[in-house]
Structure formats: structure tokens, C-alpha cells
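Okay, here's what each chain looks like letter by letter:
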Amino acid sequence: MSELEREYVVSLSGVVDDISSNGLIDGVTPPMNIGGNVLISNNGNHLFVSALKSSSGTSTGDVFVYNYDTSTRSWSFNTSLFQYASNDVSDHEYSSGSYLLNFGESLACSNDGTILFVGMSGYRTTSISHGGFCVFNYTDGSWNFLSKYTHGISQNNNMGSSLACSEDGTRAFVGTNVNTYTASDVYKYDFNASSGDYEKDTTFSIKPSNSIANSNFGTSLDCNNNGTVLLVGSSEYGIIYNGQTRYPGSAAVFKESGGSWYLVQEFFSDVSDNLPTGAHIGNGSNIGYNVQISSDGSKIAFSTKLYKTVNYHPRYGVVYLFNINNSQIYDYAGILISPDTNTSSSLFFGADIAMSSNGNHLVASVTNKQIYYYYDSSSNWIQNQSVNQNIYNYLAGESNVDFDTNAVLSDFGNSLSLSSDGIHMAIGIPSYRYEDPTNSSSRYIGQAIALRGKLYQTINFSDQTIDYDVTAQLDASSNSGTSPSYSVTNPSTNNVYSLSGSNVTITGIGSEPLTVTFPGNDDYLETDAESIIMGTPVGQIIDYAEAISTQGSIGIGQKSGLIYSVLNAATLNSSRLSATIDISGNSVIWDPIGGEFEGIQQGITTVTLSQNGDAYHLPAVSVVLTYNVQPTWSSSYPSNYNQSYVPSQTGLSMTTQTSETLVKSIEDPASISNMILLGHSERSLGDNMKIFSIPFTSEEEKNEFGRTTIKRDNSSFSFEIKDISNTNID
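Calculation criteria
- Residues numbered from 1 in each chain as written.
- Predicted model: local features only at pLDDT ≥ 70, side-chain atom pairs only at ≥ 80, totals over all residues.
- Heavy atoms only, no water.
- Pairing = 2+ DSSP bridges.
- Helix = DSSP H or I, 4+ residues; strand = E, 2+ residues; numbered from the N terminus.
- Axes fitted to C-alpha atoms, helices over the stretch in contact; angles between N-to-C directions.
- Core = buried A, V, L, I, M, F, W, Y, C linked by side-chain atoms within 4.5 Å.
- Buried < 20%, exposed > 50% of the residue type's maximum accessible area, 1.4 Å probe, protein only.
- Contact = heavy atoms within 4.5 Å.
- Salt bridge = Lys/Arg side-chain N within 4 Å of Asp/Glu carboxyl O.
- Phe/Tyr/Trp six-rings, centres within 6.5 Å; stacked < 30°, edge-to-face > 60°.
- Polar contact = N/O pair within 3.5 Å; in protein donor to acceptor, adjacent residues only side chain to side chain.

1. Things to note about the sheet that holds strand β38 (residues 510-518)
Spatially, four strands are ordered β32-β39-β38-β35 in an open sheet, and the strand pairing comes out mixed. Each having just a single partner strand, β32 (464-467) and β35 (485-488) make up the two edges of the open sheet. Going across the sheet, the axis of each strand differs from the next one's by a mean of 35 degrees, ignoring polarity. Looking at chain direction, β32 and strand β39 (residues 527-536) are connected through four bridges and run parallel. What sits directly across from T465, in β39, is M534.

2. Some details on the sheet that holds strand β2 (residues 37-40)
Strand order in the open sheet formed by four strands is β2-β3-β4-β5, with antiparallel pairing between adjacent strands. On the outer flanks of this sheet lie β2 and β5 (74-80), each paired with one strand and no other. Pairwise comparison of adjacent strand axes, ignoring direction, gives a mean angle of 20 degrees for this sheet. Sheet topology places strand β3 (residues 46-51) next to strand β4 (residues 62-69); six bridges connect them, and they run antiparallel. By the bridge assignment for β4, F48 is matched with V65.

3. Details of the nonpolar core
One recurring pattern in soluble globular proteins is that nonpolar side chains are buried together. Within the largest apolar cluster, 26 residues are counted, with the highest numbers of intra-cluster contacts made by V363, I371, L395, F412, M425, I427 and L451. Elements represented by at least two residues in this core include exactly β1 (6-12), β26 (370-376), α4 (391-396), β28 (415-418), β29 (424-429) and β30 (447-455). With four residues, α4 is the largest single contributor of residues to this core. When neighbours within four sequence positions are excluded, V363 is seen to be in contact with D352, I353, A354, I371, Y372, Y373, L416, L418 and M425. Core analysis: the next-biggest nonpolar cluster, separate from the first, contains 24 residues, A251, V264, A279 and I293 among them.

4. Focus on the pattern of salt bridges
Per the counting criterion, the structure on display carries 13 salt bridges. Across the salt bridge formed by R171 and E256, the nearest N and O atoms sit 3.0 Å from each other. Of the two residues, R171 is situated in strand β11 (residues 171-175) and E256 in strand β18 (residues 250-257); the sequence distance between them amounts to 85 residues. R171 gets classed as buried once you look at its relative accessible area, which sits at 13%. One salt-bridge network, held together by shared partners, links R171, K188, D190, D201 and E256.

5. Concerning the pairing of strand β37 (residues 503-506)
Sheet topology note: the strand β33 (residues 471-473)/β37 ladder contains three bridges and is antiparallel. Note on β37: the bridge partner recorded for A472 is V504. Direction of pairing for strand β36 (residues 497-500) relative to β37: antiparallel, over a ladder of four bridges. Bridge pairing in β37 links L499 to V504. Connecting β36 to the next strand, β37, in antiparallel fashion are two residues, including G501 with a positive phi near 65 degrees.

6. Here's the deal with the packing of aromatic side chains
Applying the stated criterion to the full structure yields 37 aromatic pairs. For the ring pair F217 and F254, a centre distance of 6.1 Å and an interplane angle of 80 degrees mean the geometry is edge-to-face. Remark: F254 occurs in strand β18 and F217 occurs in strand β14 (residues 217-223); sequence separation between them is 37 residues. When sorted by exposure, F217 lands in the same class as F254, which is buried. Between F322 and Y332 the ring centres are 6.1 Å apart and the planes differ by 75 degrees, which places this aromatic pair in the edge-to-face class. Of this pair, F322 sits in strand β22 (residues 315-324) while Y332 sits in strand β23 (residues 330-337), placing them ten residues apart in sequence. Owing to a relative accessible area of 0%, F322 belongs among the buried residues under this scheme.

7. As for the environment of V621
Tracing the sequence through the fold places V621 in the loop between β46 (603-610) and β47 (623-630). Sequence separation between V621 and L609 is twelve residues; the distance between their C-alpha atoms is 8.8 Å. Beyond its immediate stretch of four places on either side in the chain, V621 contacts Q540 and I542.

8. As for the side chain of Q292
Residue placement: Q292 occurs in strand β20 (residues 291-293). At 2.8 Å, the side chain of Q292 and the backbone nitrogen of M355 are in polar contact. Residue contacts for Q292: discarding those within four places in its chain leaves D222, L231, K299, I300, A301, I353, A354 and M355.

9. Quick look at the environment of R452
The residue R452 is located in strand β30 in this model. You can call R452 buried: its relative accessible area is 9%. When the C-alpha atoms of R452 and R6 are compared, they prove to be 9.0 Å apart, with 446 residues separating the residues in sequence. Beyond its immediate sequence surroundings of up to four residues, R452 is in contact with E7, Y8, V9, S11, Y68, R73, I423, H424, D522 and D523. Looking at R452, its side chain comes within polar contact range of the main-chain oxygen of D522, at 2.6 Å.

Structure (C-alpha cells):
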């Protein structure tokens, strides 16, 4: 899964009820065509929905404004805009409704949505449909009409059929919609702070490379963040193709440098050189039908209506993608093709497309059928694979959306818009028969809905290396603020760790994955992540205490206690391994039962405690003790002799009593027997063997004793433990 993926949920169930309750539905002269155009501001705060007619019944059109509430994650109706411009366009010639003003046919807004450009390509005076556009701004919580603009009234060029603007709203590009070289054009307006007005740049002039190529130049427009790179779609672009004049359409990029504009690149040849299998170019291929460019100008997308057969039927909608290179030229980056097969010339993939301004998200519609969402992962556009959401089917299952997916040819997806991060999506449905959606005789009202994307969470959950028998607390976190749960990823194969809540304990050596799951909430989807838990051998330490005289010596017959434990170095709990005691010298003997060394003759003996580890434990650092045995005691017991010492952690203390049998082989049992107080009976079995009754109270203590090896000058004292508790022995 990718953090760019998202699953959309309804944030605005529909606009018709709001518009109707505000008296803005045309109840007399259908159609209304609400949703003919939709636009979401880059910051996601404002939504604009256009309609081709308004309640006056005079074919004006309108634009309805919604504001987003981040606390409720929903949209609320704010106002309609035509009422503020009505006086300035009152001279429009309706001719009893024969000429639509088309107020709202095109929309463009600043990044924060506080400056809005509204195209009205049908604006007609003196019997000429010259078109124009209006500008509105949002200040102090209210919308205000600034002015209207027309290129002139001498040409039927339908100015305002397309719009684009810089992110700060100080520059606007306005397109026309005619198929002659002289009339088809794009105009540029810049804001003059001194006059507080937008002024047409009379020096601005951009054209394709040849005269026939100008047909319907400016059908669609988009620009980068500061308005210095302009992408122009020409749906009927003319070219000599295969020896004949054709009008398949195209797209072109223009740039500003030093106040002058120049043509950077035309894309017809890129399309013709990269046709998908079975696709054909012909009149009406509508290359450049919809165009989109990222805010930084690095990515371009445009739609086409290529044909799927040589007889130009059915449509083979294809979206072309381009990325800028180091030479500031756009390289072909791939195509997007509908996962569905188009069976009608009226249904094609890319009927509308919208790319987020950050260039990471793109949606494309198949009108009346589906909307597909894609994200760009390292210049590789991928359909929403993990979520794999079918938006149309999702809406069909939602009770809180005011749209019937069984509707008759509603133009679902006719217009689309995304916020800059792709979180918010608006969908226009201009031919929706709101009053009776499944009745083909019902009048068009239209509809628009908005969706909000729920994201996968960003999870911090790193791999961990933990020593054997150590318990660590897992501490995964995410940007959702929800609480995680942990689970064993592969229970059938895991022999490395055990899991209890958020605590993981290493039970073996090796590596195994562990899964964390963060539940979803209003903003985020449930998200899983894995980390690798590596179990490694743990270090050991020997914890010991010795009782020895203050002079550093003991006398013959004097005992010096030695109590020790082998500990897990990470937890300071018992490692459950015992030390080896190596004795070098003959001046002392070791009593494993009492845990004491006893001086038996004058001399120096070195005692080494060691633990060499195993598959789960590293070797411990050895402890070396020296016993200097003198002929006589310095006192009855040295002041630092501590016979009752018990280490700080559990270990081999051997201070409790039960009945077990020890068969012990030693070099000189006769000389030792009188020096060891066993507390129970002893029996001689031969020259070098005796049986002693040994005190233990637990199985663990017996095991600890049995794991202890005693060596003297490379000759081992051997132990054999035999349980005779249920045996009769005399």
C-alpha cells in the first residue's frame, strides 16, 4: 500500500436540496444542468458548482458556493453568485431562451479559493455571441462581484469557454471556442494593483505552428502556479496526416521568458508515436479534449477520444502522461486506459480528468459509468490497487447520498475536480433526472456530490534486535492518533518470540515478522505494518560473593563461603545456566552442598568461575578468586565472613533441605568426610565412593546443583543425582 492511496467517502450528499430550499431551482424551464462544471479550491476550503440555468427562467446560469467545515468534515451552502453579476450582464440577448448566457461554463480560482473567475461563453449583445468572464472575490466572509470582461463585441468567438489562473489569482488565461484560425485564440489578463482591475495584455499572442492547426485552439486550458507555463488543448487541431488534412486535435505548451511567450512543444506526434494496440487517429479524436498541468509545471496529462477501429467506432479513450526532463522538454511517460471496454461512441475514458496541483493524484471518468483514481508513485501512475475502490458501486451502497446509480444516462462524471492533495473530489452529474431518476421522460435537474479521501496511515515501526529471554515493549506510532494492536505475523513458523499485548519476549534465535494494526477513524483507513524482530544471544554475568578473612587468607579447617549466580546480562534474572568451577591448587576443597571452600593445607589455590554460553547465551566474563591458606586462623571467624549471604538475584544458594541422594566420587573421601557436615547419613561404598543424603527443597535447586561441574587440576569431581524418595533403602 502507498500513503498516496485513499478511499473516498461522501462529504456532500448532493446540492439540489440546498439549492431548492434557497429558491434557486428553475421550476419552469428545464433543464437546470446543475453540476455542468465543478471546482474545488486547491486548499479544499471552497467548492463551486455551476448550472446552465437559474430560477429566473431566462437562461442565465449560476454558480453555487459551498464552504468546507474541517471539524464536521462536511460542506455547507454559502451563496449563489449570479445575483451579484446580474446587473452587469442584464444586456444579454436571451431571444426567448434561444441563447444561453452559460454563466459558469468554465471556472478557475486562486489557491485559497478567494478569487474566482467565471466564464460566460454565451454572453451576447448586438446579435454577436462574443462571450466574456466575471471576477469575484471573497473578503470578510462575503462574496463580492468585481467586474466583467469581454474581448470585444465584433467576433462570435465565445470567449470564456475555458479558463485558467495563477495560484495567487493575479493572472488569468481565457479561451475561445471557434474553429477558424483568426477567431480562435487565448487571452491573458493581469491584475493591476494600482487600479484594482484586471487588464488585458495586448502583447500576448500564442499560436500553434501552422494555420490549420488553430482549429478550436483553447478548448481547454491549465497553467502552472505562477502562470508562466500554459498548457492549451485544441480539440479540433488540424494537421496533414497520412497525406490528408485531418482534425484530430492536439495539445501544446507555451512558456514565458523575459516577458515574451514562445511555443515549447506540441504533442500530436507524441500521441501518434505511442498509440495503444488497436487505436486509430481520425477526425474527432479530440486529442487535448481536457488538459491538466501540475503546479510546478513538471507533469502534464490530457485526454483523447481515439478510435478503437478503422471505421471510427467505438471510442478508445486514452489519457496521455508526460514528465519534464532536464532540458525542460516533456517526455512521454505513459498512458492510462479504461479498465472497462467502451461500447458506445458517447462513452469514453477521460470524458473529464482532474489532476491535483501537486501532480500526485489523477481521476478520470467514463461518463455514466465510473470514476477511476490513480496516484503517481515514482513517475509510475498506479490505479488505487490496495483500496481498489469502485466509486460508482460505493455510491450505490450509500444511503446518505442523494444520487440513484440506476438513473437513466445522468452524465455522471461529466465534470471532476480535486484539491491540491487529492483529499477532496467533486463530481458533476448535469443530466441527472432528480425528480424521477429512472424515468427517461423526467426533466434534467442535475446534481453534484463531493467525496473526501481517507488515507492510509503513516506508521513508524522499525525493526528491532532483542536479546534472548528479554522482554521489550513495542512502541509503534502513526499519524492517526489511534492506538495500535500487535499480532504474530506467521504463527505457524514463529519460534523467535512470544507476544503479550504490546510486550514481546525473545524465545529463540533468528528473525520473524511482527504485525501492528492501527484502526481507522474519520480521516484514516485501518493500516497494517510489519517489522522484523531479531532474536540474538544474550550476554551473561556471574554474580558472586565470597567470605574470606580480612588478611586475605583462611586457616586450615576454616571455611569461606562462596555463593554465585549466572545472570542474564540484560534482565539480571537467572540465565538458567550454571558456572563451571575450576580449582588450581591443593590448599582448599569445595563443598557444593554448603557453598563453602575449606582450607585443608597451607598454600595458594586459584578458583575460576566461568560460563561458556550456548546457542542462546554469550560466554560470561570469568571470575578469578585466590585462596591463601595459612596454618592457623586469625580469629574464630573473620569479620567479613558472611555465611548467610544471598545474591541480589535468584541463584544457586543451596541453603534448603529435602531428601535426595548424591553419589559422589572424590580423590580422598576419608580426609574430606569429617570436614563436611551433611546433616544426614552417609555410607561408604568403596575406597573412593560414599553416599550422602543431600538437602534440597525444589526441583530447580536440584537441577542447578546437577549442572555444576567441579574440577581440580584437570581431574573432575563427578556428580550423579538419584531420586530415592519413594525407595526403601536401609
